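Spelled out from the first residue to the last, the chains are:
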Amino acid sequence: PEASNWEVLVFDFLRPTIGFNLIVQDWDTKYSNMYFNDRMWTHLDRRSQIIPMIAQGFLFLPFLLAPLLSCFFVFVGYYLMSVLHKVESFEMYYFILLAVMRLGFFWGQNSMNMMNYISINLILPLFVVSFYFFVIKVLRR
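Owing to the predicted nature of the structure, the values given are computational and were not obtained by experimental measurement. (Residues numbered from 1 in each chain as written. Predicted model: local features only at pLDDT ≥ 70, side-chain atom pairs only at ≥ 80, totals over all residues. Heavy atoms only, no water.)

Caption draft 1: How the structure looks around the environment of Tyr-93. Along the chain, Tyr-93 falls in helix H6 (residues 90-103). Residue Tyr-93 is classed as partly exposed on the basis of its relative accessible area, which comes to 36%. Separated by 12 residues in the primary sequence, Tyr-93 and Met-81 place their C-alpha atoms 9.9 Å from one another. Beyond its immediate sequence surroundings of up to four residues, Tyr-93 is in contact with Leu-84 and Val-87. (Helix = DSSP H or I, 4+ residues; strand = E, 2+ residues; numbered from the N terminus. Buried < 20%, exposed > 50% of the residue type's maximum accessible area, 1.4 Å probe, protein only. Contact = heavy atoms within 4.5 Å.)

Below is the structure:
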């Protein structure tokens, strides 16, 4: 029963995200993959399997609403595609395109994989490229 606690879902999103992982590292919370592997391997200490996205959605939501977690990442992908059409910087185009392509694999992944990939290949480069353009703008003055 403690596996379906909303704190576990929040931890699933924050733990793999760069920056937030430093904030939540001291939380005494197991993430959903640990519960999944405990159930799958009958309490052996194996962490070789990831919980699929639809199963992760079912863990926190009723049967009919289980696909909402998957739909969330599909909407994030569509939003990034709309941003992709407006971006003028080649660097940002590249990093957004990487994130959009990875979001296409959501059926075989889970929120932790997606947040890790998005934070490493989108949030971090966004910060670096923004800092770069800010420095260039300041130096031109």
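Caption draft 2: Quick look at the side chain of Asn-121. Take Asn-121: it is sitting in helix H7 (residues 111-140). Excluding its chain neighbours within four sequence positions, the residues that come into contact with Asn-121 are Phe-95 and Leu-98.

Caption draft 3: Up close: helix H3 (residues 32-40). Within the sequence span of H3, burial applies to Ser-32, Asn-33, Met-34, Tyr-35 and Asn-37. For H3, the secondary structure elements touched by its buried residues are helix H1 (6-14), helix H4 (53-60) and H7. Phi for Thr-42, located one or two positions after H3, is positive at around 45 degrees.

Caption draft 4: Summary view of the environment of Asn-113. Mapped onto the fold, Asn-113 is located in helix H7. Sequence separation of Asn-113 and Phe-13 is 100 residues, and the distance between their C-alpha atoms is 9.3 Å. Non-local contacts of Asn-113, meaning those with residues more than four positions away in its chain, are made with Ile-50 and Arg-102.

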